[in-house]
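# Structural features, examined
The residues making up each chain are set out below.
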Amino acid sequence: MFLGEEVTMKNKIVGIGICMLLIAAVVLPAAGTINEKVTRENKFFENQTNIEFAPGEFIVKLKKDTTFSRSPLTALNEKHQVYALEKVFKNAEGTILDNIYLVHVPIGSNIPSIVKEYAMYPDVVYAEPNAVVRLCGIPNDVNFSNQWSLHNTGQVISFQRFLGKIPIKVHFSGTPDADIDAPEAWEIETGNPDVVIAIVDSGIDYTHPDLTANIWNNTDEIPGNGIDDDTNGFIDDVMGWDFAYHDSDPKDELGHGTLCAGIAGAVTNNDIGMAGVCWNCSIMPVQVWNETGWGYWDDVAAAIKYAADNGADVISMSFGDYESQNIILDAVNYAYDKGVVLCAAAGNDNKGTEFYPAAYENVTAVAMTDPKDKRVHDNPWSGSNYGEWVDIAAPGGLIYSTMPTYHVTMNDEYLVQNYDFVLGTSFATPMVAGVAALLLSKDPSLSPNEVKSLLCKNVDPYYSNKYIGTGRLNAYKVLADLMSDIEVNITGGLGIQAVITNQGTSNLTDVNWQIHVEGGILGLINKTVNGTVNLNAGESKTVSTEKIFGLGSIVISVRADIVEKTVKGKQLLIFSIVK
Ligand SMILES: [Ca+2]
Ligand SMILES: [Ca+2]
Ligand SMILES: [Ca+2]
Ligand SMILES: [Ca+2]
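The structure displayed is predicted, hence computed values, not measured ones. (Residues numbered from 1 in each chain as written. Chains lettered and ligands numbered in written order. Predicted model: local features only at pLDDT ≥ 70, side-chain atom pairs only at ≥ 80, totals over all residues.)

### Description of the overall build of the protein chain
- What the protein chain contains, in helices and strands, is twelve helices and 26 strands.
- Put simply, of all contacts in the protein chain between residues at least 6 apart along the chain, 73% involve residues at least 24 apart. (Helix = DSSP H or I, 4+ residues; strand = E, 2+ residues; numbered from the N terminus. Contact = placed C-beta atoms within 7 Å.)

Structure below.
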């Protein structure tokens, strides 16, 4: 009986597999430790609508020999409840920097309008908001401050959940720097579209404005013509495949895959939503779970093979089971032999039992930590799995990510559309996958084993009495390790040039370099040039400025990603540089 056989085979249902804790509001970490001390940074993060400048303060420069007390500005100060005035520069008397004040008013004051009022007074040279200067690596995505996992300043993060129909506001904060140092890592690498991360999950909302630009595109396939143009065995698979319903539309009807996708590779620095770990990598949706979170191992195996055959460099697997499945082991080894990095969730049952595929040798098993770098274990029966078989820990406890822009099954639980917070090793896994993709963007020649050892070697400590891997993921340390073999030498007699050498075993792409020259007589030389070079292992390349003419004592600094060398010219030099 065909039907009977089909049912028997499909007994291997793995619906338990998806590694997310469907926790209700009541069991969310009672992390309501609201930091009463409002530092400037916290003020900045709380003020998400006026993110361009510090709330509750602005800058005023007064004319020479004018003070606030002598001026009609006193009335204006009273009107706007100015409670503190401080000079910005110390020891600046008699210079143009004298008489510049930071003016403090209550948080919530309308700074742009107040600034205009001050600027109209004759005694005021200028008045302006105290604009936020971002670290270069801090992206402009408006809710980046929710992503403690990427950059943790101890900021208070708030969101709403429903206990039945009662809304509950959840506040939590963590330990500064309990994060993967993403902004620092992004100074080195933000990802390459040629590097593909396959999300083997419930599909992806590929229309999400924070995902759509990064969705993998099978350029060898003509959409909608009913023909398998690239002869890969799948008709019209222009953006992945749905192995749950066996069609070319991997649309997420559950929500889980969209959450994983955003963590690994949300479109970043696009002014909206969140940042992905890998800003520019391609995300391949490979659907194995249907809208209820059920799927079958044979389809999962086929999905892993599809990803490996169609250009995935990294496969993120946020599922598993305590029973090893030979077909999955075979599929994992097939992908590994093709050079694919495989990451999988360690599971959320607070157990030491091996969980598969995470526990397979060729897979990186990912456990989860919270905003204080502790292993997530909310109660005896839920929390991160642990044990010697776990390779690495990554943030997983209350992670902000993309949700589908339409109604999905997980909205029936408690999650809202577009973006929400979730918890689970499911969400630690794509974070590791994203860092693996950053590494492969920098050095496409790395083998899966090299990626795994770089990830596991360059970590931060976690707090747990259980073993959850060598440490907590640190994207910066991983990339910095790769770049540490770079050497910079400033060379040339008449020319400002530098030789950048890759002394390591990695073939590095897009090494960012910069030469900055300043000084000369009267400080007239001030020039910065930059670019990128590819450097195979052992290779050297010469980079240089355009012509610079000048005379005098100068400072030359050359930087290649994190490696910097500076030479201070002690002698008078005349330049007529290079070409
Ligand atoms: Ca940090
Ligand atoms: Ca095809
Ligand atoms: Ca086609
Ligand atoms: Ca974004």
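Still more to cover.
### Some remarks on unusual backbone geometry
- Cis geometry is adopted by the peptide bond preceding Pro357, which originates at Tyr356 and carries an omega value of 10°.
- Within the secondary structure, Pro357 is located in the loop between β11 (341-345) and β12 (364-369).
- One non-glycine residue, Thr231, lies in positive phi territory at about 50°.
- Mapped onto the secondary structure, Thr231 falls in the loop between β7 (196-201) and β8 (241-242).
- Thr231 sits in the exposed class, given 9 other C-beta atoms within 10 Å. (Buried ≥ 20, exposed ≤ 12 C-beta atoms within 10 Å, placed from the backbone.)

### Things to note about the sheet that holds strand β25 (residues 563-568)
- Across the sheet, four strands lie side by side as β21-β20-β24-β25; this open sheet has antiparallel pairing. Among the strands making up the open sheet, the edge pair consists of β21 (525-535) and β25. Pairs of neighbouring strands in the sheet enclose a mean axial angle of 10°, with direction left out of account.
- Summarising the sheet, strand β20 (residues 508-519) and strand β24 (residues 554-560) pair through seven bridges and their orientation is antiparallel. Within β24, the position partnered with Ile515 by the bridge is Val558. (Pairing = 2+ DSSP bridges. Axes fitted to C-alpha atoms, helices over the stretch in contact; angles between N-to-C directions.)

### Quick word on the packing of helix α6 (residues 256-265) against helix α10 (residues 425-442)
- As a packed pair, α6 and α10 sit with axes 7 Å apart at the nearest point and diverge in direction by 35°. When you trace α6 past α10, the crossing you get is right-handed. Contact residues: His256, Leu259, Cys260, Ile263, Ala264 and Gly265 in α6; Ser426, Phe427, Pro430, Met431, Ala433 and Gly434 in α10.
- For the contact of α6 with α10, a count of residues per class yields eight nonpolar, four polar and no charged. (Left-handed = near helix turned anticlockwise from the far one by under 90°. Nonpolar A, V, L, I, M, F, W, Y, C, P; charged D, E, K, R; others polar.)

### Describing the sheet that holds strand β18 (residues 486-491)
- With antiparallel pairing, the three strands of this open sheet are ordered in space as β18-β19-β22. Two strands close off the open sheet at either side, each with one partner strand: β18 and β22 (540-544). Adjacent strand axes in the sheet meet at a mean angle of 25°, parallel and antiparallel pairs treated alike.
- Strand direction decides the pairing type here: β18 and strand β19 (residues 497-502), joined by six bridges, are antiparallel. Across the sheet, residue Asn489 finds its bridge partner in β19, namely Val499.

### Notes on the environment of Ala393
- Considering the arrangement of structural elements, one finds Ala393 in strand β13 (residues 392-395).
- On the basis of neighbour counts, which here come to 33 C-beta atoms within 10 Å, the residue Ala393 falls in the buried class.
- Dropping the residues within four chain positions of it, Ala393 is found in contact with Ala367, Met368, Thr369, Tyr462, Ile468, Gly469, Gly471, Arg472 and Leu473.

### What about helix α11 (residues 448-457)?
- Among the residues of α11, Pro448, Val451, Lys452, Leu454 and Leu455 are the ones counted as buried. Taken around the axis of α11, the buried residues stretch over an arc of 165°, which confines them to a single face. (Arc of directions from axis to C-beta.)

### Comments concerning the pairing of strand β5 (residues 157-163)
- In this structure, β5 lies alongside strand β6 (residues 166-172), joined through seven bridges in antiparallel fashion. Paired with Phe159 across the strands is Val170, a residue of β6.
- Linking two consecutive strands that pair antiparallel, namely β5 and β6, is a turn of two residues; a positive phi of about 65° is found at Gly164 within it.

### Examining the nonpolar core
- Counting residues in hydrophobic clusters, the biggest one holds 141 residues, and the most contacted among them are Ile197, Ala307, Val366, Val432, Val435 and Ala436.
- Among the elements that line this core, the one with the most residues is α10, at eleven residues.
- When residues of this core are sorted by domain, at least three fall in each of domain 1 (2-28 + 140-479) and domain 3 (484-574).
- Counting twelve residues, the second-largest nonpolar core is a separate cluster that includes Leu62, Val82, Val103 and Ile111. (Core = buried A, V, L, I, M, F, W, Y, C linked by C-beta atoms within 7 Å. Domains from an automatic or database assignment.)

### Quick look at the confidence of the model for the protein chain
- Looking at the protein chain, pLDDT values average 86 and 86% of them are 70 or higher.
- Segment residues 1-17 is flagged for pLDDT under 50; beyond a separation of four residues in sequence, or across chains, it makes 16 contacts in the model.
- In this model residues 21-51 is a low-confidence stretch, pLDDT under 50, and it forms 52 contacts with partners more than four residues away in sequence or in other chains. (pLDDT = per-residue confidence, 0-100.)

### Observations concerning the packing of α10 against helix α12 (residues 475-483)
- Where α10 contacts α12, the two axes come as close as 10 Å, and the packing angle between them is 20°. The orientation of α10 with respect to α12, classified from their angle, is roughly parallel. Crossing angle aside, the handedness with which α10 passes α12 is right-handed. Residues Val435, Leu438, Leu439 and Lys442 of α10 touch α12, and the partners they reach there are Ala475, Val478, Leu479 and Leu482.
- A class-by-class count of the residues in the contact of α10 with α12 yields seven nonpolar, no polar and one charged. (Parallel < 35°, antiparallel > 145°, perpendicular 65-115°, else oblique.)

### Re the environment of Pro193
- Take Pro193: it is sitting in the loop between α5 (182-186) and β7.
- Among all residues touching Pro193, those that are not within four sequence positions of it are Asn280, Cys281 and Ser282.

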